[in-house]
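# Reading the structure
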Amino acid sequence: MLQITANDWVLWLHVVAACVWIGGQIIIAVVIPLLRRVDGLTVAVGRRYQAVAWPAFGVLVATGILNVHNLGLSWPALVATATGRTLLLKLGLVLISGGAAGVHALVQAPRAWSASARHPVASAVLGSISLLAAVAAALLGVAIAQG
Ligand code: HEM
């Protein structure tokens, strides 16, 4: 059997966290329309989801930094090599994914609760941006790992 190295554990954790971040967003998108039928349920489930999603995002960033270190990528390599430029693009997508989810969780959704108003379109737009950016970041991650 192949030996499982420390780098393998880090990459494994990275992939598991990516599954939680991406898979959680897909599940939320699927069930939210049903939850809206019961008062208060959307907010309660949203809060529970955040408690899992943000730690996963933190794990993605921490293990991502370790992955960069394990690949032996240096700061100059970020612009000088194809792998580095792919990583830079990926980091831009990670920022978009985390940023859109953060604006939704911290600004847009709480405002909607306090005003007793629902903004399903705004939530859907921010959620879709976050999900699509994360899926694209995952593709670039695979490209980096394969390259
Ligand atoms: C939304 C956030 C992220 C997602 C969904 C994501 C997803 C992925 C996936 C699916 C892989 C491929 C693993 C494989 O094929 O073996 C990967 C690899 C990688 N990711 Fe991420 N990632 C994210 C954030 C980050 C961050 C913030 C960094 C850097 C700070 C990073 C750095 C890397 C590196 C360097 C690899 C290649 C690892 C290797 O080949 O050893 N990722 N990522």
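### A few points about the coordination of the iron atom of the ligand
Surrounding the iron atom of the ligand are the protein donor atoms His 14 (NE2) and Lys 90 (NZ), at 1.7 to 2.0 Å. Given 6 donor atoms and angles of 83 to 177° at the metal, the environment of the iron atom of the ligand is assigned as octahedral. Residue His 14 is located in helix α1 (residues 6-35), and its partner Lys 90 is located in helix α4 (residues 82-114); the two are separated by 76 residues in the primary sequence. Accessibility expressed as a relative area gives 12% for His 14, which makes it buried.

### A few points about the packing of α1 against helix α2 (residues 41-71)
In the contact formed by α1 and α2, the axes pass within 8 Å of each other and the chain directions differ by 155°. Regarding the angle of α1 to α2, the classification is roughly antiparallel. In this structure, the crossing between α1 and α2 has a hand that is left-handed. Each residue belonging to the contact of α1 with α2 can be placed in one class, and the counts come to 21 nonpolar, 9 polar and no charged.

### Quick look at the side chain of Gln 25
With respect to the helices, strands and loops of the structure, Gln 25 is situated in helix α1. Accessibility expressed as a relative area gives 10% for Gln 25, which makes it buried. Filtering out sequence-adjacent residues up to four positions away, Gln 25 remains in contact with Val 20, Tyr 49, Gly 127, Ser 130 and Leu 131.

### Concerning α1
Taking 1.5 Å as the rise per residue, α1 with 30 residues should run 44 Å; its terminal C-alpha atoms sit 41 Å apart, in good agreement. Among the residues of α1, those classed as buried are Val 10, His 14, Ala 17, Ala 18, Trp 21, Ile 22, Gly 24, Gln 25, Ile 28, Ile 32 and Leu 35.

### Focus: the packing of α1 against helix α5 (residues 120-146)
Running from N to C, α1 and α5 cross one another at 145°; their axes reach a closest spacing of 10 Å. Pair α1 / α5 crosses with left-handed handedness. Residues Trp 21, Ile 22, Gln 25 and Ile 26 of α1 lie in contact with α5, whose contacting residues are Gly 127, Ser 130, Leu 131, Ala 134, Val 135 and Ala 138. Broken down by class, the residue content of the contact of α1 with α5 amounts to 7 nonpolar, 3 polar and no charged.

### Observations concerning the site of the ligand
Contacts to the ligand come from 23 residues, most closely from Leu 11, His 14, Gly 64, Lys 90 and Ala 145. His 14 places a side-chain nitrogen or oxygen 2.8 Å from a nitrogen atom of the ligand. Take Lys 90: an N or O atom from its side chain is 2.5 Å from a nitrogen atom of the ligand. Its atoms largely coinciding with the cavity grid, the ligand occupies the largest pocket. Sorting elements by how many residues they give to the shell around the ligand places α2 first, with 7 residues.

### Remarks on the nonpolar core
Counting 14 residues, the largest nonpolar core has Trp 21, Ile 22 and Leu 60 as the members making the most contacts within it. Breaking this core down by element, the ones donating at least two residues are α1, α2 and α5. Residue contributions to this core peak at 7 residues, all from α1. Once residues lying within four places of it in the same chain are set aside, the contact partners of Ile 22 are Leu 131, Ala 134, Val 135 and Ala 138.

Cut-offs and rules
Residues numbered from 1 in each chain as written. Predicted model: local features only at pLDDT ≥ 70, side-chain atom pairs only at ≥ 80, totals over all residues. Heavy atoms only, no water. Donors = N, O, S within 2.8 Å, 3.2 Å for Na, K, Ca; no water. Tetrahedral: all angles 85-135°; square planar, octahedral: opposite > 155°, others 65-115°. Helix = DSSP H or I, 4+ residues; strand = E, 2+ residues; numbered from the N terminus. Buried < 20%, exposed > 50% of the residue type's maximum accessible area, 1.4 Å probe, protein only. Axes fitted to C-alpha atoms, helices over the stretch in contact; angles between N-to-C directions. Parallel < 35°, antiparallel > 145°, perpendicular 65-115°, else oblique. Left-handed = near helix turned anticlockwise from the far one by under 90°. Nonpolar A, V, L, I, M, F, W, Y, C, P; charged D, E, K, R; others polar. Contact = heavy atoms within 4.5 Å. Expected span 1.5 Å × (residues − 1). Near = heavy atom within 4 Å. Polar contact = N/O pair within 3.5 Å; in protein donor to acceptor, adjacent residues only side chain to side chain. 1 Å grid on protein atoms, 1.4 Å probe; cavity = no way out; pocket = protein on both sides within 12 Å on 5 of 7 lines; lining within 4 Å. Sits in = over half its atoms within 2 Å of the grid points. Core = buried A, V, L, I, M, F, W, Y, C linked by side-chain atoms within 4.5 Å.

From the geometry alone we can't say anything about function, so treat these as descriptive.
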